[in-house]
Amino acid sequence: MPRRNDLHRILIVGSGPIVIGQACEFDYSGAQACKALRQDGYEVVLINSNPATIMTDPNLADRTYVEPLSLDYAAEVIRKERPDALLSTVGGQTGLNLSVALAEAGVLDKYGVELIGAKIDAIKKAEDRLLFKDAMRKIGLDLPQSQLVNSVEKGLEFANKIGYPVILRPSFTLGGTGGGIAYNREDLADILETGIDLSPVHEVLIEESVLGWKEFELEVMRDLADNAIIVCSIENFYPMGVHTGDSITVAPAQTLTDREYQMMRDGALACLREIGVDTGGSNVQFAINPENGRMIIIEMNPRVSRSSALASKATGFPIAKIAAKLAVGYRLDEIKNDITRKTPACFEPTIDYVVVKIPRWQFEKFPGSEPVLGTQMKSVGEVMAIGRTFKQALGKGMRSLETGKSDGATKYQDDLIEARLITPNPERLGYIRHAFARGYTEEQVRSLTSIDPWFLHQVREIVDVEHEVGQASACPTVTRDQALRYKRSGLSDTTLARAWNVSPLTVRARRKELGVTAVFNRVDTCAAEFESFTPYLYSSYESECEAAPSDRKKVMILGSGPNRIGQGIEFDYCCCHASFALQEFGVESIMVNCNPETVSTDYDTSDRLYFEPLTLEEVLNICDTEKPDGVIVQFGGQTPLTLALPLKTAGVPIIGTDPENIDLAEDRKRFGKLLDDLKIPAPANGSATKVDEACEVARSLGYPVLVRPSYVLGGRAMVIAYDEDTVRRYMQEAVIFSQDRPVLIDRFLEDATEVDVDALADSTGAVLIAGIMEHIEEAGVHSGDSSCVLPATSLAPETIATIRSYTERLARALNVIGLMNVQYAVKDGAVYVLEVNPRASRTVPYVSKATGVPLPKIAVGLMLGKKISDFTDATGVLSVPQYFVKSPVFPFNKFPGVDPALGPEMRSTGEVMGVGENFGEAFAKAQLSAGAPLPDKGRVFFSVNDRDKLAAAALARRFADLGFEIAATRGTADGIRKAGLPVKVVFKVNEGRPNAVDLLKAGSLDLVVYTGTTGAHAFADEKAIRRSAVSHRIPCITTMSGARAAVEAIASRRRDPVRVWSLQEIHAPAAETTVS
Amino acid sequence: MKPAVLALEDGTVFEGQSYGAPAERCGEVVFNTAITGYQEIFTDPSYAGQIVVLTNPQIGNYGANDSDNESRKAFIEGLVVREFSPLSSNWRSEETAREFLAGSGVPVVTGIDARALVRHLRSRGVMRGVLSAVSTSPAELIEKARNSPSMAGLDLATRVSTSERYEWNTPVAPCSPSQQLGEPSRPRFHVVAYDFGMKRNILRRLAHSGCRLTVVPAQTSAEDVLALKPDGIFLSNGPGDPEPLEYQVAQVRKLIGKAPIFGICLGHQIVGLAAGGKTYKLKFGHRGANHPVLNKTTGKVEITSHNHGFAVDPDSLNPSEVEITHMNLNDDTLEGFRLRNHPVFCVQYHPEAAPGPHDSHYLFGDFIKLMEKS
């Protein structure tokens, strides 16, 4: 069965913004699908609201719609494009849900669009828990006892019957949102209430607990001819009870005999066939009782998933790419294996290494949330590591996390060992190691954790070797055999250095002297049975190096490591583009990264891929082998920047802006002097190391002040203080954070407009300003958490001119070659510099899409010595043909109990873009895409602090004009009433009942505008209102400027039709003239 | 840990640690790429005369148990792995894999760069080697490897075959309370199975499908087989080169047409020779559990388990008498055929799996159908 010729145009649905549970793995799968289908001659139309993705690049699809993934906008795309088919399986749960919605609303039938990949019936059978159970029973697969309930009473009744603990899983929610484990009646009632609420169909499955059972996943593929294969088996390090996205996982499965594995394989294939996924990849999860081998099926996903991305990277078998080909009619045996070139894709990859995935959490960003892991996914990113053995892979994985804790620097508390082992939490692995170091036996640790003895023994061996290093050897006298054994056990130079009390570079020199150097092995899908033609490499301390570096001109790109808040897909976008650009310029591209979700770690993206931790040791190993002509550090966010200076010192050629100048911009003193020299103003500032000193500095600057520790990322632990009490209280907490590093204090410019600028600069001093983005939230909200708009809507021409001039002067002063980002605050017409980052910023993909100018590509050209004028005739500031709003997406629904008010600490996980002919339209689309759709009518509730009372009255007027009813807390209501508007007074939480929270729960408020004290010291009742707004999915706006934007957006929704534009249409005339 | 050395006839030497019996063995060095099923590999008599390299770097993790044995003992000459687990973790485990191998006197070398060794064998072809946990003198071991017998022309099947005829009625047993195997069929057919190095799972599968089995030694004559009045005849897998098995080929030639015949692996090669075909040695063989085989009758692909160093040359078979039914999609080697004029069919790969996928279990059903028709 070759490709279907009856299909010509195929619509691919992406997965939208990065959220917990749905991250850039779907950019990887979507981008692969786009590429595969276009290579086959299909016309590809794409819809995805996330501008930071590679897949939404205008050259990946024929038409790219960065539009909301909602029924009406998707229907409009279909109406306009008339695709023949819709591929539903590469856009995660979001893509699948939207496909189902389109089918159920009759849109697909109306326009004759065929659903390919998974049919509606199959999706329903897999997703609907009742149908799934029936289907699995029919084919004889064992299941936990369970029942679907839609009320707390029914839930309690069933739980009494099967006994506690029980697992709760709301139907149709992402990443297990709203689920949990109930150990008693109280837990059950609590979780069930939320779960029923969060489930779009108001159903929750209550299930027999299989806590402590072994957990496995199989990645399965099937073609239209019913050929089916297993791509990869994965075993979870943590037993059942921890969401698989929050578990350390290992490929291949390590503790199953062949008979048990084949039983699971048979079950997975039977499941796939019974569900009726006729083409593509699926993921099937099983649990096994370690006592007697009873095996139950947990769930299956009839689409590519996070695990399939992991499996693709772990095996070299590109699941999404093949899934796309199968969806258009190919059979598995008609597709070649890219890596061996000779053998077909219809086989089961076998691997001769071990892969470990470790999640990355950021509970510290969400004070008030308990750092405990359960059935609801909490991690924001993950790393994957490949080693010849489990121990090597685990060691590399821990280093890849970049927590600074991987080498035993963290202090673990003896009295917490048992608690940390019993309850799954982010530090559990560290505590297991600590427990062994403190003499716990494997059996003791097993009984506390239920982790498989084989895994525990491996961890134990690592701890033992680490212990031995310090006892049995020293750097000058270590033998070759010893050093080789340590490295083969996965120990880093840093670990050895600590044991030997020398520097890591000394260790490096010593082991090289002994001939203990890293070699590189290939990921080849076949355990070396066939020759590999794809340089997809990992390091080891084996005997033979398979890297075979070329003698071409080559440049190495350092990636951004695991996704985390503040450093995510935007940087992967830049790295991938850097790679594409290098290839276009005839330079070999070498990618180094350790994040399995990304496009950058697709072996297809770069000429050569090193799947390695981004540590100095590992990067230097690669440099020793590859000897690159240049290394690019400015695209991967903070991760490569921290390596820039040490790499330069080690003689590695860094291209682009000099690392010294990157560093200068981060050094407050030196940078302050530079600004003085350039006569560019910045907010008055100072620093302090003592409480009293801080209060003194704050007093001399004048309140409010912005206080933060030095050397932090993503606005970590930053607050705005309006009085000395706050500063004093903060200092008492912050000093613990920053130890002897000073606390930085800036005069905070109240009600200033914040502006983000991305610019390109070349070696001749030419500067091109790519975008001047105006933030919608006022200064004080972290730039990553603020919506912003291109073009700026409220800046005067002279302000723009000032910004341009400052940016040019800064770029020249810092000798920027490539990209630069500057943050400004504009207050009363004056422009202040807040921050300069001489590197690619989070906004680069957004600006590239809004302007139609590929910034990373030009930046790479500049680093290779080209000039801006080689790429474009444009000078000054690039123009944008429409309004483009970028809005952040927050994970607050995953962290119940956390105050969702915006502040200087970044907490958004992703972003969306809205396009419109006017600001309101673009903003409305962005809000819709961000999952915070604004109401068309109803009641707006205001509760604002004194500073905002006047503005609130004016705003209320505009809402009233649009037909909204107004409600407010007493103080706010007074001001509104004075303005002559009818207003309903609502109690604050502590004033009586019914209060604002009651009204929210009752559904009688449709929009909340709530400003007040933000951050850690907000009053409990204010938090309660914001929190219940989040959990009841009522949009909650916490800044006045945000509220003003919302009014415009609502006005646009009333006025403007549902309309969509593809990026190709938007930039059609400009694309050819401005960029070569 | 004590050292152990693997020396190849071409002079290549790999040094590691000894982890099994303190012994020294020579054999043909071959590699298997299956991820699971080391115990089945250890006990597959087809590995007689071979030192096995496993590409999965973590071996021994789940220990060993009696019910996963494919024969009465470990038949591999020696084992080469990257890392061997000292402990076993599995509810079915009865002893550690190390104890299991030591009990059969099999030497093990761990800690060597198994991938480099596999790449070496892949490009140079399989070769003789000596695995020693006794001597560590490379020169001496290389010399021993060079003087050891070559696989080609060696009759190993007779050596590993049962010496006595025996009955087999045990079907497949589930490995978990959740495994659905279906009720074993009642024994309807009497099958005489030639043991050239029989794997037990073939017997279990045949018994499960409704066969009462009489297993006979490799040297049994056609007349003796027919005297047992079989409803069907089975030719098993086994080690080594099929060409020296002239006696067995001659018996099979006499049996063709007398009763339905089903052959697996070496059994397939014997049918090939009996049908007038030729066999040849593959450069590095097929050993693994992931080979795609195209069933030409249904057009579907089966993921199959393999263990063979020799193959039947499809061009040597007369197309008017032989229909090719299965081909390997990796390298276009012959994987199965049937005779057009007689109820005889055979496959090169292992439908009984153990280890490996169960995609080809239907072949046992095909054998039953063939007997039903006859």
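In this text the structure is predicted, and so the values were computed from the model without any measurement.

Student: Can you help me understand the overall build of chain B in this one?
Tutor: Looking only at helices and strands, chain B features ten helices and 19 strands. Computed over its C-alpha atoms, the radius of gyration of chain B comes to 20 Å, within 12% of the 21 Å expected for a compact globule of 374 residues. C-alpha extents for chain B along the principal axes are approximately 60 × 45 × 40 Å. Counting over 374 residues, chain B shows a buried share of 63%. At a minimum sequence separation of 6, the contacts of chain B that also span at least 24 residues come to 77%.

Student: Would you mind showing me how to read the interface of chain B and chain A here?
Tutor: Taken together, the contact pairs 49 residues of chain B with 52 residues of chain A. Those elements that place two or more of their residues in the side of chain B that touches chain A are helix H3 (114–124), strand S15 (279–295) and strand S16 (301–312) of chain B. Here the side of chain B that touches chain A is composed, by residue class, of 19 nonpolar, 20 polar and ten charged.

Student: Mind showing me how you'd approach unusual backbone geometry here?
Tutor: Pro252 of chain A follows Ala251 of chain A through a cis peptide bond whose omega is -5°. Backbone torsion omega between Tyr703 of chain A and Pro704 of chain A reads -5°, so that peptide bond is classified as cis. Looking at where Pro704 of chain A falls in the secondary structure, it is placed in the loop between helix H25 (691–701) and strand S25 (705–709). The backbone phi angle of Thr525 of chain A is positive, close to 70°, even though this residue is not glycine. The topology assignment puts Thr525 of chain A in the loop between strand S17 (519–522) and strand S18 (536–540). Phi at Cys265 of chain B takes a positive value of approximately 60°, unusual for a residue other than glycine. If you trace the backbone, Cys265 of chain B turns up in the loop between strand S14 (261–264) and helix H9 (266–274).

Student: Quick question: what am I supposed to make of the sheet that holds S17 of chain A here?
Tutor: The strands that make up a sheet pair up through hydrogen bonds in the backbone, lying either parallel or antiparallel. All names here are of chain A. Strand order in the open sheet formed by seven strands is S17-S18-S21-S20-S19-S22-S23, and the pairing between neighbours is mixed. If you trace the sheet from one side to the other, it starts and ends with S17 and strand S23 (654–655), each paired once. Examined bridge by bridge, strand S19 (residues 554–558) and strand S22 (residues 630–632) share three bridges and lie parallel to one another. Bridge assignment links Val555 to a residue of S22, and that residue is Gly630.

Student: Looking at this model, I keep getting lost on the pairing of strand S28 (residues 753–761) of chain A. Mind explaining?
Tutor: Here is the key point about a regular strand: its side chains alternate between the two faces of the sheet. Residue and element names in this part refer to chain A. Buried residues dominate S28, accounting for nine of its nine residues. Both faces of S28 are covered, namely the face carrying Thr753, Val755, Val757, Ala759 and Ala761 and the face carrying Glu754, Asp756, Asp758 and Leu760. Strand direction decides the pairing type here: S28 and strand S31 (residues 818–827), joined by nine bridges, are antiparallel. What sits directly across from Asp758, in S31, is Asn821. Taken together, the seven bridges between S28 and strand S29 (residues 767–775) define a ladder with antiparallel strand orientation. Bridge pairing in S29 places Asp758 opposite Gly771.

Student: Help me out: how do you make sense of the domain arrangement of chain B in this one?
Tutor: How big an interface is tends to be stated in terms of accessible area lost as the parts join. Residues and elements named next belong to chain B. Each domain of chain B was delimited in the assignment, giving domain 1 (3–147) and domain 2 (157–373). Tallying the contact residues gives 25 residues for domain 1 and 26 residues for domain 2. Going through the elements one at a time, strand S3 (24–32), helix H1 (38–42) and H3 are the ones with two or more residues in the side of domain 1 that touches domain 2. The element best represented in the side of domain 1 that touches domain 2 is S3, accounting for three residues. Its residues assigned to classes, the side of domain 1 that touches domain 2 comprises ten nonpolar, ten polar and five charged.

Student: Could you clarify how one ought to interpret the sheet that holds strand S15 (residues 354–360) of chain A in this entry?
Tutor: Residue and element names in this part refer to chain A. Taken together, seven strands build an open sheet; the order of strands is S14-S13-S10-S11-S12-S15-S16 and the sheet is antiparallel. The strands lining the two open edges of the sheet, one partner per strand, are strand S14 (295–301) and strand S16 (381–387). Each strand of the sheet is rotated relative to its neighbour by a mean of 25°, with strand direction disregarded. In this structure, S15 lies alongside S16, joined through seven bridges in antiparallel fashion. The partner of Arg360 across the bridge, within S16, is Gly381. The strands touched by helix H9 (residues 258–275) are strand S10 (214–222), strand S11 (228–236), strand S13 (280–288) and S14; relative to S10, the strand with the most contacts, the crossing angle is about 50°.

Student: In this structure, what is going on with the nonpolar core? I would like to understand it.
Tutor: Nonpolar side chains tend to gather and get buried jointly when the protein is soluble and globular. Membership of the largest hydrophobic core comes to 445 residues, with the highest contact counts inside it found for Leu760, Val789 and Val1008 of chain A together with Val80 of chain B. With ten residues, helix H20 (residues 569–584) of chain A is the single largest residue contributor to this core. Both domain 1 (3–147) and domain 2 (157–373) of chain B contribute no fewer than three residues apiece to this core. Core analysis: the next-biggest nonpolar cluster, separate from the first, contains 13 residues, Val166, Leu168, Ile191 and Leu192 of chain A among them.

Student: What's the story with helix H31 (residues 949–961) of chain A in this structure? I'm lost.
Tutor: All names here are of chain A. Spanning 13 residues, H31 covers 19 Å between terminal C-alpha atoms, matching the ideal 18 Å at 1.5 Å per step. Taken together, the buried positions of H31 are occupied by Ala952, Ala953, Leu955, Ala956 and Phe959. Residues of H31 that are buried make contact with strand S36 (939–943), strand S37 (965–969), helix H32 (970–978) and helix H35 (1040–1055). Phi for Gly963, located one or two positions after H31, is positive at around 95°.

What counts, and at which threshold
Residues numbered from 1 in each chain as written. Chains lettered and ligands numbered in written order. Predicted model: local features only at pLDDT ≥ 70, side-chain atom pairs only at ≥ 80, totals over all residues. Helix = DSSP H or I, 4+ residues; strand = E, 2+ residues; numbered from the N terminus. Rg over C-alpha atoms; globule rule 2.2 N^0.38 Å. Buried ≥ 20, exposed ≤ 12 C-beta atoms within 10 Å, placed from the backbone. Contact = placed C-beta atoms within 7 Å. Nonpolar A, V, L, I, M, F, W, Y, C, P; charged D, E, K, R; others polar. Pairing = 2+ DSSP bridges. Domains from an automatic or database assignment. Axes fitted to C-alpha atoms, helices over the stretch in contact; angles between N-to-C directions. Core = buried A, V, L, I, M, F, W, Y, C linked by C-beta atoms within 7 Å. Expected span 1.5 Å × (residues − 1).

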